[in-house]
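# Close look at the chain arrangement
These are the residues of each chain, in order.
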Amino acid sequence: MAQARRFPGMKGRVQGKKALITGAAQGIGAATARLLAMEGAQVLLTDIDADAVRAQADAINAETGATCAFAARLDVTSEADWLPAMTAANETMGGLSILVNNAGIVLPGSIEDFDLDRWRRGMTVNVDSVFLGCKYALPLLREKQPASIVNLSSIAGLIASGNFANYNASKAAVWLLSKSIALDCARKGWDIRCNSVHPTFINTPILNDLVGEGRDPDSVKVKLLSQIPVGRFGEPEEVAQAILYLASDESRFVTGSELKIDGGISAM
Ligand code: NAI
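Summary of the structure given here. Please read these numbers as outputs of a predicted model, since none were measured by experiment.

A word on the pairing of strand 6 (residues 192–199). For strand 6, a buried count of 8 out of 8 residues is recorded, marking the element as mostly surrounded by other parts of the structure. Pairing of strand 5 (residues 147–152) with strand 6 involves 6 bridges; the strand directions are parallel. Its bridge partner lying in strand 6, alanine 147 is registered against isoleucine 192. Read as a crossover between parallel neighbours, the route from strand 5 over helix 5 (residues 165–187) to strand 6 is right-handed.

Below, the discussion takes up the site of the ligand. Not every one of the 26 residues close to the ligand is listed here, only the nearest: Asp47, Asn102, Tyr167, Ile202 and Thr204. Backbone polar atom of isoleucine 28 to an oxygen atom of the ligand: 2.8 Å apart, as the coordinates give it. The separation between an oxygen atom of the ligand and a polar side-chain atom of aspartate 47 is 2.7 Å. Here the ligand has 830 Å² of accessible area as a free molecule, and 93% of this is covered by the chains. Elements with a minimum of two residues in the shell around the ligand: helix 1 (27–38) and helix 5. By residue class, the composition of the shell around the ligand is 13 nonpolar, 10 polar and 3 charged.

As enumerated under the stated definition, the model contains 3 aromatic pairs in all. Consider the rings of phenylalanine 114 and tryptophan 119, whose centres lie 5.7 Å apart with planes at 85°: the pair is edge-to-face. Residue classification places tryptophan 119 among the partly exposed positions, given a relative accessible area of 25%. The ring of phenylalanine 114 has arginine 118 lying over it, and the distance from NZ or CZ to the ring centre is 4.4 Å.

Spanning 15 residues, helix 3 (residues 79–93) covers 22 Å between terminal C-alpha atoms, matching the ideal 21 Å at 1.5 Å per step. If you check which residues of helix 3 are buried, you get Asp81, Trp82, Ala85, Met86, Ala88, Ala89, Thr92 and Met93. Buried residues of helix 3, seen end-on, are gathered within an arc of 160° and therefore sit on one face of the element. Seen from the buried face of helix 3, the exposed residues on the opposite side, beyond 90 degrees, are Ala80, Leu83 and Glu91. Packed against the buried residues of helix 3 are strand 1 (18–21), strand 2 (42–47), strand 3 (69–73), strand 4 (98–101) and helix 4 (116–143). Just downstream of helix 3, glycine 94 is the residue with a positive phi angle, here 80°.

The rules behind these values
Residues numbered from 1 in each chain as written. Predicted model: local features only at pLDDT ≥ 70, side-chain atom pairs only at ≥ 80, totals over all residues. Heavy atoms only, no water. Buried < 20%, exposed > 50% of the residue type's maximum accessible area, 1.4 Å probe, protein only. Helix = DSSP H or I, 4+ residues; strand = E, 2+ residues; numbered from the N terminus. Pairing = 2+ DSSP bridges. Right-handed = clockwise from strand over helix to strand, strands pointing away. Near = heavy atom within 4 Å. Polar contact = N/O pair within 3.5 Å; in protein donor to acceptor, adjacent residues only side chain to side chain. Areas by Shrake-Rupley, 256 points an atom, 1.4 Å probe, with all protein chains shown as cover. Nonpolar A, V, L, I, M, F, W, Y, C, P; charged D, E, K, R; others polar. Phe/Tyr/Trp six-rings, centres within 6.5 Å; stacked < 30°, edge-to-face > 60°. Lys NZ or Arg CZ within 6 Å of the ring centre and 35° of its normal. Expected span 1.5 Å × (residues − 1). Arc of directions from axis to C-beta. Contact = heavy atoms within 4.5 Å.

Pasting the structure below:
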């Protein structure tokens, strides 16, 4: 299969790896897929939005000058979608050595703002997705060791806020689920690592979802910004760099850990 050509400054840090990224149609997922491809991986971009994720894969292929990016529709909440996604990984890339469980949503609100259906929606997209992804990917990852799973939690999985009951709970679940998977793989003697990343506010469309009904987006963003010690939102590429490290063999002794990309918020 064609490999992406090397780019100036790129070192092939994941050369030969085979990565599936969920929620890759935009934001952090799209930036991660692009960076992994630039560093030598084959990438299968998946998303619930089939057209948008196809366009992202096409853009990566055009930029790298190789057929290193593939696309597939995958609703991470649907168990029936996961097996075909694994088949797609086998057919397009010849297996899987990196899984990035990135797809996620923010449903703002305090505990009193949720009914059970909305609560379950947030938990399904953010937590069931990671459970399903890891469960279905592990058999393929075992065939391509050393392998790595990177799960998108959030700084909100470590620090709570009265208005993010569901997001706090779901991202905290991703944090400890990642550790459990890491320990299970280590105990079984598999060279499959599992870590979580914890960004604070990153400049992607999800920021608009943080605003909540009836609130002024600009004033909410000013308030969010005031919480970040370095005084700016992060960029998707800055999270992608952390994911690249955890996905690559450079982090081969790192498992069950959490990497914060938070402009200093959690230092306070
Ligand atoms: P985004 O909203 O820009 O992109 C999310 C992607 O996930 C979209 O392409 C969407 O179509 C896809 N998606 C949503 N539901 C899906 C489903 N059921 N199945 C498959 N795909 C689905 O979000 P962003 O900012 O790129 O976030 C990515 C991850 O990073 C999420 O897990 C989010 O919680 C986490 N995160 C984001 C932060 C931020 O400020 N942007 C901060 C901390 C964590």
